[in-house]
Amino acid sequence: MRIDLHAHSSVSDGTDGPAELVHHARAAGLDVVALTDHDAFDGWPAATRAAAEAGVVVVPGVEISTRLSGAGVHVLAYLPDPGYPPLADELARVRGNRMARLTEMAVLLTKAGLPIDVDDVLAVAGQASSLGRPHVADAMVAKGYVADRSEAFATWLAEGGPAYVPKYAPLTVDAVRLIGDAGGVAVLAHPWGRGSRRVLDADTIRLLAGRGLAGIEVDHEDHDRHARGALREIAAALDLVVTGSSDYHGTGKTGHALGVNTTARGEYERLLDLARRAATTAGREPPRLGVV
C-alpha cells in the first residue's frame, strides 16, 4: 500500500488540476493521496469525484502558512471541517493578504526594471484561489525575465531578495488549535527544511504536541538522512504520527515526484483514528474515506 500525504494542485501553486492530480497519483502507483493546497479547500470536490474513477483514496487536507518566532512554518491539516467559521475566516484572511502581497511584489519588480502587472500574474495563475510567489515566478518566466521558478526565487523572490514581501500568517500554535477545533488533525510539514529548522527544535515541537499537534512529516525531500533520523526520534518520544510524502507540485517543482516518499500504513491508520476522534470531539460526523 503506497500512501502520499502531501500534494498540491492548480488551486494553489501546483500545475495539475485536482482531478488530474488524482489520476497522476494512480499512474504513479499510489493507493492514497492527500490534496493539501495552500490555505484553500477549493480542490476537494473535484479530487473526491475523481477518486472513485481512478481507484485512489483521496484524503482532503490543506497546508496552512503560519509564523513562529519570526520564521515561516507550514502545518498540514487533515480532514478539518472546511465550513468551521473560525478556520474558514482565518484562511480567507490569509488568501486576501496573498493578493495584496502580489501587488507589492509587482511594484518592486517593475521598479527594478522588470515590468510586471497583477493582471500578468492572474493570467498565469488560471483558476488558482490561493495565490503566491510561484505565480509571480510564472509571470516572470512568461515575460522572459527568468528561465524557471527556481531562478525567480533564487534571484528575486526568496526571503531577503529584492522583490520579497512578507505575508500575514497566523501563529503556529493558533493554527494547530484551529485545526483541532475544526475536527481535523495537525501535522508539521517539512519542519527541518527551508527556514523553519531554526525555530522547530525538540522543545518547541514538544510544546506544540501539548497544544494538539498530532504528527511530523519526517520523510520529505528537504530532509537528509540525519534529519529524518532525528525527527523520527522526536516523534517516537512524543508519540506523534510519522508521515512521508512528495510535496508534489506537478511541473512547478522539480525533484518531488508523486510517491518519492510515502507514509507507512500503520501511521496512516493512526492518523485516520485521530481524525475520527477529533471529529467526534468537535461534534462532527467522523470522516469516511474510500477503502483501499
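You'll find the structure just up there.
Just so you know, these numbers come straight off a predicted model, no measurement behind them.

A closer look at the packing of helix H3 (residues 85–111) against helix H5 (residues 133–142)
- Where H3 contacts H5, the axes come no closer than 10 Å and their chain directions differ by 35°. H5 is crossed by H3, and the crossing has right-handed handedness. Contact residues: H3 offers Arg101, Leu102, Met105 and Leu109, while H5 offers Arg133, Val136 and Met140.
- In terms of residue class, the contact of H3 with H5 is built from five nonpolar, no polar and two charged.

Quick look at the side chain of Ser130
- Here Ser130 shows up in the loop between helix H4 (118–125) and H5.
- At 2.6 Å, the side chain of Ser130 forms a polar contact with the backbone oxygen of His38.
- In terms of polar contacts, Ser130 uses its side chain to reach the side chain of Arg98, at 3.4 Å.
- Excluding residues that lie within four positions of it along the chain, Ser130 makes contacts with Val11, Ser12, His38, Asp39, Ala40, Arg95, Arg98 and His135.

What to know about the nonpolar core
- With 47 residues, the main nonpolar core has Val33, Ile64, Leu188, Leu200, Ile205, Ile216 and Leu258 as its most contacted residues.
- At five residues, the largest contribution of residues to this core is made by helix H2 (residues 44–54).
- Those residues within four positions of Leu188 in sequence are excluded, and the remaining contacts are Val73, His74, Val75, Leu200, Ile205, Leu208, Leu213, Gly215, Ile216 and Glu217.
- One finds Met105, Leu109, Ala128 and Ala152 within the second-largest nonpolar core, a separate group that totals 20 residues.

Some points on the packing of aromatic side chains
- If you walk through the whole model with that rule in mind, you get one aromatic pair.
- If you follow Arg93 out to its NZ or CZ, it ends over the ring of Tyr168, 3.9 Å from the centre.

Notes on unusual backbone geometry
- In this model, His190 sits at a positive phi of 30°, which is unusual for a non-glycine residue.
- Assignment of secondary structure puts His190 in the loop between strand E5 (185–188) and helix H8 (202–210).
- According to the relative accessible area criterion, His190 is buried, its value standing at 3%.
- Residues other than glycine seldom take positive phi values, yet Asp247 does so here, at roughly 60°.
- For Asp247, the location among the structural elements is in the loop between strand E7 (241–244) and helix H10 (265–281).

Thoughts on the layout of surface pockets
- Each pocket or cavity is described by its volume, and for the largest pocket that value is around 1100 Å³.
- Mapped onto the lining of the largest pocket, the elements with two or more residues apiece are strand E3 (57–68), strand E4 (71–78), H3, H5 and helix H6 (149–157).
- Top element by residues in the lining of the largest pocket is H5. It accounts for five residues.
- A breakdown of the residues in the lining of the largest pocket according to their chemical character gives 10 nonpolar, 21 polar and 16 charged.
- Estimates place the volume of the second largest pocket at around 260 Å³.
- Contributing to the lining of the second largest pocket are 17 residues, with Gly184, Gly212, Ala214, Leu274 and Ala278 lying nearest its centre.
- Every element with two or more residues in the lining of the second largest pocket is listed here: helix H7 (172–181), E5 and H10.
- The element that contributes the greatest number of residues to the lining of the second largest pocket is H7, accounting for five residues.
- Partitioned by chemical class, the residues of the lining of the second largest pocket number eight nonpolar, four polar and five charged.

Points about the sheet that holds strand E1 (residues 3–7)
- Strand order in the open sheet made by the seven strands is E1-E2-E3-E4-E5-E6-E7, with mixed pairing throughout. At either end of the open sheet lies a strand with only one pairing partner, and these are E1 and E7. The average undirected angle you get between the axes of adjacent strands in this sheet is 30°.
- The sheet contact formed by E1 and strand E2 (residues 32–38) spans three bridges and is parallel. Bridge pairing links Asp4 to Val33 in E2.
- Against the sheet, H2 touches E2 and E3, its axis set at about 150° to E3.
- Strand contacts of H10: E1, E2, E3, E4, E5 and E7, with the helix running at about 120° to E7, the strand carrying the most contacts.

Quick word on the pairing of E1
- Most of E1 sits inside the fold, with five of its five residues counted as buried.
- Handedness of the crossover is the feature at issue here: the chain leaves E1, passes through helix H1 (residues 18–27), returns alongside E2, and the resulting connection is right-handed.

What counts, and where the lines are drawn
- Residues numbered from 1 in each chain as written.
- Predicted model: local features only at pLDDT ≥ 70, side-chain atom pairs only at ≥ 80, totals over all residues.
- Heavy atoms only, no water.
- Axes fitted to C-alpha atoms, helices over the stretch in contact; angles between N-to-C directions.
- Helix = DSSP H or I, 4+ residues; strand = E, 2+ residues; numbered from the N terminus.
- Left-handed = near helix turned anticlockwise from the far one by under 90°.
- Contact = heavy atoms within 4.5 Å.
- Nonpolar A, V, L, I, M, F, W, Y, C, P; charged D, E, K, R; others polar.
- Polar contact = N/O pair within 3.5 Å; in protein donor to acceptor, adjacent residues only side chain to side chain.
- Core = buried A, V, L, I, M, F, W, Y, C linked by side-chain atoms within 4.5 Å.
- Buried < 20%, exposed > 50% of the residue type's maximum accessible area, 1.4 Å probe, protein only.
- Phe/Tyr/Trp six-rings, centres within 6.5 Å; stacked < 30°, edge-to-face > 60°.
- Lys NZ or Arg CZ within 6 Å of the ring centre and 35° of its normal.
- 1 Å grid on protein atoms, 1.4 Å probe; cavity = no way out; pocket = protein on both sides within 12 Å on 5 of 7 lines; lining within 4 Å.
- Points joined across faces, edges and corners; volume = space filled by probe spheres on them.
- Pairing = 2+ DSSP bridges.
- Right-handed = clockwise from strand over helix to strand, strands pointing away.

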